[in-house]
Amino acid sequence: MNAIHIKGLTKTYDDTEVLRGVNLDVKKGEFYCLMGPNGSGKTTLVSIVASIRSPTSGVIEIYGKSPEQAKHFIGYVPQENFSSPLLTGRENLMYFARLLGYSRKEAGGIADNLLEKIGLSHDAHKRVSHYSGGMRKRLEVATALFPGVELLILDEPTTGLDPSARRTFFSLLEEIKGKETTILLVTHIGADAELASRVGLIDKGVIIAEGDPEQLKDESGLENAVTVETVVQSAKVVNVLKRFGEPVLETDAGYRIHCTNAEEIIPDMVRSLDNAGVKVTRLEMANPTLEDVFFHLTGKPVGVDE
Amino acid sequence: MNQVRATFTKTLKEFLRVKATLFWTIAWPILWVLLGSFAFSQDIPEEILPLVRGAITIPMIVFALMIAGMANIPGNIGEDRERGLLSKLRSMPVSPWKDFTGRFLALLTFSCVAVILVGAVGYSVGARVSGSVADGLTSVVLLLVAITASAGIGMLIGTFIKNVHGATMTGVGVSVLSAAISGVMIPYSSLPGILQSFARVYPVASVNSMVIYLMIGEEYTGYNPLTAGQVVMTITMAVVLFVAGLTAYSRLCWKKE
């Protein structure tokens, strides 16, 4: 039996079709990542799985049950920081454990175990308002790891976390991964998706490609990606880079193009940029990422809002 | 019961840990008890001063209950909604009715704390009452009616005003304004005719008058509010507001989108 079975799922708000016939199967124990830009429908999709929204049409089953019936074994972590800043970490966990029906004593034991698991035992009695963003996110993931949870849904869990906090967060996921728990992660960050065993790229309410991260990159046919960081942002740079590879993607790190012979073209590229009066501060050749694959398939970067 | 206890504990701790909540619900009414007892009662004959101070303390107790229900409850709901807790709760096997019961019990407990503290300050500055023990017990029941009405109004504000600051400020605004125009802050006899009519049907103001009537005397209310008609009207209005608030909260805040 699949952990998640979705067939022909649609969701319409007024006249806007947010999900347009999504088909998705996630196996039990699998770590599945749904990657797409903001507005692509990924949060709507997981909130239907988490029983927060209702679909307009289509079939959705969680371990063979409707999302409403499956609430007992779903652990959902929304994008927002939902833990109470006025309560301590332990009090927050006790609150969620008792909502699930555990007695005070049982809830205390579960909270202590979880705090140890997420590395927050020493900060258990600190108010959450004194936690860092990474600590708070780990605490919130712990609210979805109570005994009996079989499907963990994480909506953009690394948004707002610094690189160090992200690494700590993913080491926690590495621990959970591969055990009985199925993980459904939603993100627009390619590096986050790399950890998943399977990735679905979603755009305009449809899953446009699916596979394990390496498979998706191989099938895209992309060989190299070259990132050029310049002092100023200008059309002149785009015009020069277009000669070496199209389309030219603008990212936070600079301009990015894809090509098959990066080592050969880089000297020419540097000369051309220099001749055009463009000052290059960094030039980097790398293997393509899942963000590159998304860009290759849709012609738009995954980091932009739709 | 665990769900009710969980929400009760969480909500009560949050009420007690927010300085603004403590200020508006406890410190502000105490401030008015002190001001009323010393600054505004200097020309009052000594023999009636304890009862006058009692008549100043009771409205401040009622005002504390108004703020607790009308501002703290919507603020608490608004905060839970804004930070995504309500979404998280909707994904869990949690009953909105149990969540509501937990919140209401926390409100009751917090209101009791406020009533005791405001009452104690009033007593310590010389406020006295003349009612019997039976009148006192009746007054406690009436104050529960006021809390019920305030909670209903608070739930309605919390349901329809999505922003936490907006919900809290609306709650404070409704409390202060309605207290001012219904005879809680200003003596009933000073109100114009139309507002006197409002004071008789507005359950919180009506309870205020009934408690003063029972515990201090008719001369301090300006009329007899303890008629069968007004008692029935007050309880009915409180129940209607409470049911409306409860229905709006459980249907709209917990609705699947």
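Please read all numbers here as calculations on a predicted model, not as lab measurements.

**Describing the overall build of chain B**
Part 1: For chain B, the helix and strand inventory stands at ten helices and zero strands.
Part 2: Along its sequence from the N terminus, chain B presents helices and strands in the succession α-α-α-α-α-α-α-α-α-α.
Part 3: Relative to the compact-globule value of 18 Å for 257 residues, chain B shows a C-alpha radius of gyration of 18 Å, a close match.
Part 4: When its C-alpha atoms are laid out on the principal axes, chain B stretches across 60 × 35 × 30 Å.

**Considering the environment of threonine 227 of chain A**
All names here are of chain A.
Part 1: Along the chain, threonine 227 turns up in strand E10 (residues 224–230).
Part 2: When the C-alpha positions of threonine 227 and glutamate 250 are compared, they lie 9.4 Å apart, and in sequence the two are 23 residues distant.
Part 3: Residue contacts for threonine 227: discarding those within four places in its chain leaves Ala253, Tyr255, Arg256, Arg282, Leu283 and Glu284.
Part 4: Engagement of the side chain of threonine 227 in a polar contact is seen with the side chain of arginine 256, the distance being 2.7 Å.

**Some details on the interface of chain B and chain A**
Accessible area lost upon the coming together of the parts serves often as the stated size of an interface.
Part 1: Across the boundary between the two partners, chain B contributes 24 residues, which contact 33 residues of chain A.
Part 2: Both sides of the chain B and chain A interface together cover about 2,700 Å² of buried area, and 56% of this is carbon and sulfur.
Part 3: By the criterion of area lost to chain A, the three top residues of chain B are Arg17, Lys88 and Glu257 of chain B, representing 24% of everything that side buries.
Part 4: Linking chain B to chain A there are two salt bridges.
Part 5: Salt-bridge contacts for lysine 13 of chain B lead to glutamate 91 of chain A; the nearest nitrogen and oxygen are separated by 3.1 Å.
Part 6: Counting every contact that joins chain B to chain A gives 13 residue pairs in polar contact (both at pLDDT 80 or more).
Part 7: Of all the elements, helix H1 (residues 2–17) of chain B adds the most residues to the side of chain B that touches chain A, at nine residues.
Part 8: Its residues placed into classes, the side of chain B that touches chain A shows seven nonpolar, six polar and eleven charged.

**Quick word on the domain arrangement of chain A**
Part 1: Here chain A is described as being made up of domain 1 (4–217) and domain 2 (223–287).
Part 2: Taking only C-alpha atoms into account, the centre of domain 1 of chain A sits 37 Å from that of domain 2 of chain A.

**Observations regarding the sheet that holds strand E12 (residues 254–259) of chain A**
Residues and elements named next belong to chain A.
Part 1: The antiparallel open sheet is built from four strands, whose spatial order is E11-E12-E10-E13. Since the sheet does not close on itself, it has two edges, and those belong to strand E11 (249–251) and strand E13 (280–286), each with one partner. Here the average twist between neighbouring strands, direction ignored, is 25°.
Part 2: In terms of strand pairing, E11 meets E12 through three bridges, oriented antiparallel. When the sheet's bridge partners are listed, threonine 251 is paired in E12 with glycine 254.
Part 3: Each of E10, E11 and E12 is contacted by helix H10 (residues 290–298), which is oriented at about 75° to E12, the strand it contacts most.

**Points about the pattern of salt bridges**
All names here are of chain A.
Part 1: Inspection of the entire model under this criterion finds 25 salt bridges over all chains.
Part 2: The closest approach of N and O atoms between aspartate 112 and arginine 90, which form a salt bridge, is 2.7 Å. Placement of aspartate 112 in helix H3 (residues 104–117) and of arginine 90 in helix H2 (residues 89–99) is noted, with a sequence separation of 22 residues between them.
Part 3: Among the residues examined, aspartate 112 registers a relative accessible area of 35% and is labelled partly exposed.
Part 4: Classification of arginine 90 as partly exposed rests on a relative accessible area of 22%.

**Regarding the packing of H2 of chain A against H1 of chain B**
Part 1: Taken N-terminus to C-terminus, the directions of H2 of chain A and H1 of chain B make an angle of 150°; their axes are 7 Å apart at the nearest point. Between H2 of chain A and H1 of chain B, the interaxial angle falls into the category roughly antiparallel. The hand of the H2 of chain A/H1 of chain B crossing is left-handed. From H2 of chain A, Glu91, Tyr95, Arg98 and Leu99 of chain A reach across to H1 of chain B, where they touch Asn2, Gln3, Arg5, Ala6, Thr7, Lys10, Lys13 and Arg17 of chain B.

**With respect to the side chain of arginine 83 of chain B**
Part 1: If you trace the backbone, arginine 83 of chain B turns up in the loop between helix H3 (49–82) and helix H4 (85–90).
Part 2: The exposure class assigned to arginine 83 of chain B is buried, which follows from its relative accessible area of 9%.
Part 3: Here arginine 83 of chain B is in contact with Glu80, Asn81, Phe82, Ser83, Ser84, Pro85 and Arg136 of chain A together with Lys10 and Glu14 of chain B, once residues within four sequence places are set aside.

**Focus on the sheet that holds strand E9 (residues 206–211) of chain A**
All names here are of chain A.
Part 1: Pairing is mixed across the open sheet formed by six strands, whose spatial order is E5-E6-E7-E3-E8-E9. Only two strands of the sheet have a single neighbouring strand rather than two, namely strand E5 (74–77) and E9. Averaged over all neighbouring strand pairs, the angle between strand axes comes to 15°, with direction disregarded.
Part 2: Relative to strand E6 (residues 151–155), E5 is paired through four bridges, and the arrangement is parallel.

**A closer look at helix H5 (residues 163–176) of chain A**
For an α-helix the count is 3.6 residues per turn, leaving residues at separations of three or four pointing the same way.
Residue and element names in this part refer to chain A.
Part 1: Spanning 14 residues, H5 covers 20 Å between terminal C-alpha atoms, matching the ideal 20 Å at 1.5 Å per step.
Part 2: Residues of H5 that are buried include every one of Ala165, Phe169, Phe170, Leu172, Leu173 and Ile176, and no others. Along the axis of H5, the buried positions cluster into a sector of 150°, meaning they face one direction only. More than 90 degrees from the buried face of H5, the exposed residues found are Pro163 and Arg167.

**Structural notes on the pairing of E9 of chain A**
All names here are of chain A.
Part 1: Sheet analysis places strand E8 (residues 198–203) next to E9, joined by five bridges and oriented antiparallel. Of the residues in E9, the one forming a bridge with leucine 201 is alanine 209.
Part 2: In this antiparallel pair of consecutive strands, E8 and E9, the connection spans two residues, and lysine 204 shows a positive phi of 50°.

**What about the environment of methionine 215 of chain B?**
Part 1: Relative to the helices and strands, methionine 215 of chain B is located in helix H9 (residues 203–215).
Part 2: When the C-alpha atoms of methionine 215 of chain B and valine 239 of chain B are compared, they prove to be 24 Å apart, with 24 residues separating the residues in sequence.

**A word on the environment of proline 157 of chain A**
All names here are of chain A.
Part 1: Its location among the elements puts proline 157 in the loop between E6 and H5.
Part 2: According to the relative accessible area criterion, proline 157 is buried, its value standing at 1%.
Part 3: Residues proline 157 and phenylalanine 170, 13 residues apart in the sequence, show an inter-C-alpha distance of 9.8 Å.
Part 4: Excluding anything up to four places from it in sequence, proline 157 contacts Lys137, Phe169, Leu185 and Val186.

Each value, and the rule that gives it
- Residues numbered from 1 in each chain as written.
- Chains lettered and ligands numbered in written order.
- Predicted model: local features only at pLDDT ≥ 70, side-chain atom pairs only at ≥ 80, totals over all residues.
- Heavy atoms only, no water.
- Helix = DSSP H or I, 4+ residues; strand = E, 2+ residues; numbered from the N terminus.
- Rg over C-alpha atoms; globule rule 2.2 N^0.38 Å.
- Contact = heavy atoms within 4.5 Å.
- Polar contact = N/O pair within 3.5 Å; in protein donor to acceptor, adjacent residues only side chain to side chain.
- Buried area = accessible area lost by both parts, 1.4 Å probe.
- Salt bridge = Lys/Arg side-chain N within 4 Å of Asp/Glu carboxyl O.
- Nonpolar A, V, L, I, M, F, W, Y, C, P; charged D, E, K, R; others polar.
- Domains from an automatic or database assignment.
- Pairing = 2+ DSSP bridges.
- Axes fitted to C-alpha atoms, helices over the stretch in contact; angles between N-to-C directions.
- Buried < 20%, exposed > 50% of the residue type's maximum accessible area, 1.4 Å probe, protein only.
- Parallel < 35°, antiparallel > 145°, perpendicular 65-115°, else oblique.
- Left-handed = near helix turned anticlockwise from the far one by under 90°.
- Expected span 1.5 Å × (residues − 1).
- Arc of directions from axis to C-beta.

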